[in-house]
Amino acid sequence: MMLFRSSAAICGALIALAVSVTVARSEAGGVHSIAVVDAASGDAVVGAASMYNPFKPGKEEGGPSTASGERYDPSVWAAAIKTSLRRKFGGVQFGARPKYALVEAVGKKVIVKINDVGPLRPGRIIDFNERTMRHFDPSLELGVIREVRVIPLSGDDWTPGPLG
């Protein structure tokens, strides 16, 4: 009987711990979301998004280095903004720290590092790397995501990744 009471107490403590961790995470996410809204440094740009991969053969793909000088990495939360939007997103130039943006589409939000620019096809405003595109289109079957909102964020101390 004593062993049963000890097991029940331990089980209860573990459930309480799990609930408190979940609440803390959701509260932290809420604070981060509020910080993102407060840091929006410009009006949203709305258009279509597609995916790029500089290692895929083709005349329209860039090289392995991004405009900021970083190597293209398909596993991080990153994107290339349309060249004509370079100034709106803080310059995005070689050797400079990457800029950040809040991207909203298909009911999802993510902070991405804008570390590249490119001459995107008409109507497109941003090209996601593979990880970012998989967030919005897990199967990569859409090819293009319409009605994407991209909002520049001020500052350079952001942690890229999904929100909410």
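Above this text you will find the structure in question.
Residues numbered from 1 in each chain as written. Predicted model: local features only at pLDDT ≥ 70, side-chain atom pairs only at ≥ 80, totals over all residues. Heavy atoms only, no water.

### Overview of the pattern of salt bridges
Turning to step 1, where the next piece is worked out: With the rule as written, the count across this model stands at 4 salt bridges.
Turning to step 2, where the next piece is worked out: Its salt-bridge partner being Glu70, residue Lys113 comes within 3.4 Å of it at the nearest N-O pair. With Lys113 in strand β4 (residues 108–118) and Glu70 in the loop between β1 (45–51) and β2 (78–82), the pair connects residues that are 43 residues apart, well separated along the chain.
Turning to step 3, where the next piece is worked out: Between Glu104 and Arg149 there is a salt bridge, with its nearest N and O atoms 2.9 Å apart. In this pair, Glu104 is assigned in strand β3 (residues 99–105) and Arg149 in strand β6 (residues 144–153), connecting sequence segments 45 residues apart. (Salt bridge = Lys/Arg side-chain N within 4 Å of Asp/Glu carboxyl O. Helix = DSSP H or I, 4+ residues; strand = E, 2+ residues; numbered from the N terminus.)

### Regarding the packing of aromatic side chains
Turning to step 1, where the next piece is worked out: Using the criterion set out here, one finds 2 aromatic pairs in the structure.
Turning to step 2, where the next piece is worked out: Between Tyr52 and Tyr72 the ring centres are 5.2 Å apart and the planes differ by 70 degrees, which places this aromatic pair in the edge-to-face class. Of the two residues, Tyr52 sits in the loop between β1 and β2 while Tyr72 sits in the loop between β1 and β2, which places them 20 residues apart along the sequence.
Turning to step 3, where the next piece is worked out: Ring centres of Phe128 and Phe136 lie 5.3 Å apart, and the angle between their planes is 20 degrees; on these two criteria the pair is classed as stacked.
Turning to step 4, where the next piece is worked out: Given the relative accessible area of 0%, Phe128 is considered buried. (Phe/Tyr/Trp six-rings, centres within 6.5 Å; stacked < 30°, edge-to-face > 60°. Buried < 20%, exposed > 50% of the residue type's maximum accessible area, 1.4 Å probe, protein only.)

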